[in-house]
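Chain by chain, the residues run as shown.
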Amino acid sequence: MSEASLWQRLLPLALGAAVSPLLLLGQLAQLIGSGPLPLQLRRSGAYLVGATLVVLIWSWIGGWIANRLPQHQGAPDPVAAVVQLMLGLALACLSLRILIRNGNDSVAAEATETTAATPASMGLERALLSGISLMAVNLTSLVLFLPASQDIGRSGLPWPLRLAAWLVLDLLTLLPVWFPPLLVLLSGTAGHRLLGSLGHWVQAHRSSIDVAVAAGFAVVLLGRGLAEL
């Protein structure tokens with residue numbers, strides 16, 4: 001696989017993995033919760049550490065699996081086809097599950113309210129555990145992360161290029177976790193107000209966003225899988 005081909009396959013999946021209302025709302029809870037700004041940023045950092053630990057574990061697992069699969073030789077590629085068809089079906093089922101649920105699942109709202117109400121003395125530990133748990137149950141990001149990691153591991157490119165691709169994949173997957181505190185650091189109270197408005201909008205449209213991402217990328221993965229046969 002050429003470097004250009006890898007980036008063409010990788011970036012859409014990585015950007016899709018970054019669209020996670022659950023993770024974003026969890027991070028906004030740290031930044032808009034009780035306490036002064038320095039404490040909010042420390043909670044936000046703890047949340048980021050927790051989510052990053054999970055993504056690093058995903059990276060290790062994805063690399064371990066990919067390194068034991070044959071190198072990508074171009075289409076037809078039965079290995080890539082099977083992986084992408086299975087994950088595409090998983091996303092399709094996930095989108096149907098969200099539709100059936102009709103937005104009644106309030107996990108993200110509960111996470112936001114719980115973290116925001118957490119006393120300042122307990123905030124860092126709770127924020128760390130929240131980052132770990134919310135990333136660990138973020139199935140849409142995981143299902144998109146796995147085929148992207150397979151593409152990197154099986155690309156046959158030199159290690160520096162593969163490591164750069166892993167770094168981009170991890171950073172984009174964690175975008176809803178590291179971007180909000182960066183915005184607050186750069187813009188202060190204006191960033192706070194913007195994040196508050198964004199949180200209300202995301203909470204109101206969370207189910208629609210989840211369905212659109214899951215269904216859209218189910219089509220992408222199923223199409224790629226069929227093309228690899």
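Preceding this section is the structure that the text describes.
Residues numbered from 1 in each chain as written. Predicted model: local features only at pLDDT ≥ 70, side-chain atom pairs only at ≥ 80, totals over all residues. Heavy atoms only, no water.

1. A short note on the packing of helix 2 (residues 21-31) against helix 3 (residues 37-66)
Quick reminder of the rule: Axis lines are fitted through C-alpha atoms, for helices just across the contact stretch, and the angle between N-to-C directions can take any value from 0 to 180 degrees. Helix and strand assignments come from DSSP, with helices taken as H or I runs of at least 4 residues and strands as E runs of at least 2, each series counted from the N terminus. In what follows, roughly perpendicular refers to angles from 65 to 115 degrees, roughly parallel to angles under 35, roughly antiparallel to angles over 145, and oblique to any angle outside these ranges. Contact between two residues is taken to exist if any of their heavy atoms lie within 4.5 Å; hydrogens are not considered. Charged residues are taken to be Asp, Glu, Lys and Arg, nonpolar residues to be Ala, Val, Leu, Ile, Met, Phe, Trp, Tyr, Cys and Pro, and polar residues to be all remaining types, Gly included.
Their axes nearest at 7 Å, the elements helix 2 and helix 3 cross at an angle of 150 degrees. Comparing the axis directions of helix 2 and helix 3 gives the class roughly antiparallel. Two secondary-structure elements touch here, helix 2 through Leu22, Leu23, Gly26, Gln27, Gln30 and Leu31 and helix 3 through Gln40, Leu41, Arg43, Ser44, Tyr47 and Leu48. In terms of residue class, the contact of helix 2 with helix 3 is made up of 6 nonpolar, 5 polar and 1 charged.

2. Details of the packing of aromatic side chains
Quick reminder of the rule: Pairing of aromatic rings covers Phe, Tyr and the six-membered ring of Trp, with a centre-to-centre limit of 6.5 Å; geometry is then stacked below 30 degrees between planes, edge-to-face above 60, and tilted otherwise. For every residue, the accessible area (1.4 Å probe, protein chains only) is compared with the maximum for its type, and the residue is labelled buried under 20%, exposed over 50%, or partly exposed between those bounds.
Under the counting rule described, the total for this entry stands at 3 aromatic pairs. Relative to Trp166, the ring of Phe145 has its centre 6.5 Å away and its plane inclined at 40 degrees; by these criteria the two rings are tilted. Linking Phe145 in helix 7 (residues 139-153) with Trp166 in helix 8 (residues 159-173), this pair joins segments that are 21 residues apart in sequence. Using a relative accessible area of 0% as the deciding quantity, one classes Phe145 as buried. Within the aromatic cluster, the residues linked to one another by ring pairs are Trp58, Phe145 and Trp166.

3. Concerning the environment of Val49
On the secondary structure map, Val49 appears in helix 3. Given the relative accessible area of 45%, Val49 is considered partly exposed. A sequence separation of 80 residues divides Val49 from Leu129, and the C-alpha atoms of the two residues are 9.5 Å apart.

4. Observations regarding the pattern of salt bridges
Oppositely charged side chains can form a pair if their charged atoms are brought close together. What counts is decided by this rule: Salt bridges, as used here, are contacts in which a Lys or Arg side-chain nitrogen is within 4 Å of a carboxyl oxygen on Asp or Glu.
The tally for this structure, following the rule as stated, stands at 2 salt bridges. Between Asp210 and Arg206 there is a salt bridge, with its nearest N and O atoms 3.4 Å apart. Of the two residues, Asp210 and Arg206 are both situated in helix 11 (residues 206-228); the distance of 4 residues between them amounts to about one turn of the helix. Summarising the burial analysis for this pair, Asp210 and Arg206 share the class buried.

5. Quick notes on the nonpolar core
One recurring pattern in soluble globular proteins is that nonpolar side chains are buried together. Let me state the cut-off plainly: The definition of a nonpolar core used throughout is a set of buried Ala, Val, Leu, Ile, Met, Phe, Trp, Tyr and Cys residues joined through side-chain atoms within 4.5 Å.
If you look at the biggest cluster of nonpolar residues, it comprises 39 residues, and the most contacted ones within it are Leu91, Met135, Leu144, Ile152, Leu169 and Leu221. Mapped by element, the contributors of at least two residues to this core are helix 1 (3-18), helix 2, helix 3, helix 4 (78-101), helix 6 (123-136), helix 7, helix 8 and helix 11. When sequence neighbours within four positions are dropped, the list of residues in contact with Leu144 reads Leu13, Gly16, Ala17, Leu91, Val213, Phe217 and Leu221. Counting residues in hydrophobic clusters, the runner-up holds 8 residues, among them Leu24, Leu25, Leu28 and Leu183.

Fair warning: the whole summary comes from geometry, so function is off the table for now.
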